[in-house]
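Summary of structural features
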Amino acid sequence: MSSPATINHQEVHISIRTPKSVVTQQPSKNNSHVSYDGQNALAIFTQSPTPVIAQKPDPSLKPKDFVITSCAVLFLCNFIFGLLGYHFGVKSNYAWQLGDINLAKGNAKKALLFVVIGVIVGIGTYVLAFVLYFVVYKKVHNIDTSRPS
């Protein structure tokens, strides 16, 4: 017979010092406890047995999400590219709120790409519409004025 396997493990104990500015909420139904530190933007989730510390991302690192610009493109230039820019702008903002800065930057770049393409396509559409309108109008106008009265 073989002997039973033994597992060596090491316990890690973390001492979390909470400043005096911590505001504590009442425990919820699942016996969790949440504390907020207003100075360091920390949220300390204490659930049995492991505390989890989540820190809000630094606002100075937030990439521009191009949501307002996408709305302008949506209404003024091109509906499809404006909608895609808006979608990726909202995704960028959501990823930043979750703390995934790399995903937020990637989605912001996609939003910017769709905004630029939407502006280019929109301006091209307006130019084409005006050129066709004035060319057709000029031809119709020339036909009517070329007749002798």
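Residues numbered from 1 in each chain as written. Predicted model: local features only at pLDDT ≥ 70, side-chain atom pairs only at ≥ 80, totals over all residues. Heavy atoms only, no water.

This brings us to the UniProt feature "transmembrane region" (unreviewed entry) in the chain. Under the UniProt annotation, "transmembrane region" (unreviewed entry) lies at residues 66-90 and 111-136. Taken as a whole, residues 111-136 contains 100% helix and 0% strand, while its terminal C-alpha atoms sit 37 Å from one another. (UniProt positions renumbered as here; feature names shortened; annotations may be inferred. Helix = DSSP H or I, 4+ residues; strand = E, 2+ residues; numbered from the N terminus.)

Another aspect to go through is the packing of aromatic side chains. Counting across every chain of the model gives four aromatic pairs. Relative to F114, the ring of F81 has its centre 6.3 Å away and its plane inclined at 25°; by these criteria the two rings are stacked. With F81 in helix α2 (residues 79-98) and F114 in helix α3 (residues 101-146), this pair connects stretches of sequence that are 33 residues apart. For F114, a relative accessible area of 17% gives the class buried. With 6.5 Å between their ring centres and 20° between their planes, F130 and F134 make a pair best called stacked. Of this pair, F130 and F134 both sit in helix α3, four residues apart, which is roughly one turn of that helix. (Phe/Tyr/Trp six-rings, centres within 6.5 Å; stacked < 30°, edge-to-face > 60°. Buried < 20%, exposed > 50% of the residue type's maximum accessible area, 1.4 Å probe, protein only.)

Here we come to the side chain of D65. Relative to the helices and strands, D65 is located in the loop between β4 (51-55) and α1 (67-76). Put simply, D65 is tucked away with no salt bridge, and the nearest opposite charge, on K62, sits 4.1 Å away. Apart from the residues lying within four places of it in its own chain, the contact partners of D65 are G89, S92, N93 and A111. (Lys, Arg positive; Asp, Glu negative; His and termini not counted. Salt bridge = Lys/Arg side-chain N within 4 Å of Asp/Glu carboxyl O. Contact = heavy atoms within 4.5 Å.)

With 20 residues, α2 should reach 28 Å at 1.5 Å per residue; the first-to-last C-alpha distance of 29 Å fits that figure. Among all positions of α2, only G82, G85, F88, G89, S92, A95 and W96 are buried. Relative to the axis of α2, the buried residues are bounded by an arc of 150° and lie together on one face. Counted as exposed and oriented over 90 degrees from the buried face of α2: F79, Y94 and L98. Near the N-terminus of α2, the side chain that reaches the backbone nitrogen of I80, with its oxygen 3.1 Å away, is that of N78. Positive backbone phi, at 95°, marks G99, one or two positions downstream of α2. (Expected span 1.5 Å × (residues − 1). Arc of directions from axis to C-beta. Polar contact = N/O pair within 3.5 Å; in protein donor to acceptor, adjacent residues only side chain to side chain.)

Attention now goes to a nonpolar patch on the surface. A grouping of V119, I123, V127, V131 and V135 is seen on the molecular surface, where their side chains present a nonpolar patch of about 380 Å² in accessible area. In this fold, V131 is placed in helix α3. Judged by relative accessible area, which is 46%, V131 ranks as partly exposed. (Patch = residues over 30% accessible without salt bridge, like charges linked within 9 Å, V, L, I, M, F, W, Y side chains within 5 Å. Areas by Shrake-Rupley, 256 points an atom, 1.4 Å probe, with all protein chains shown as cover.)

Right, let's talk about the nonpolar core for a bit. Counting six residues, the largest nonpolar core is built from F66, V73, F88, A111, F114 and V115. In terms of residue count, α3 provides more of this core than any other element does, three residues in total. If sequence neighbours within four positions are ignored, V73 has contacts with N78, G82, V115, G118 and V119. (Core = buried A, V, L, I, M, F, W, Y, C linked by side-chain atoms within 4.5 Å.)

Quick look at α1 now. Along α1, the positions that sit buried rather than exposed are V67, S70, V73 and L74. Projected down its long axis, α1 carries its buried residues within an arc of 115°, all on one side. Counted as exposed and oriented over 90 degrees from the buried face of α1: I68, F75 and L76.

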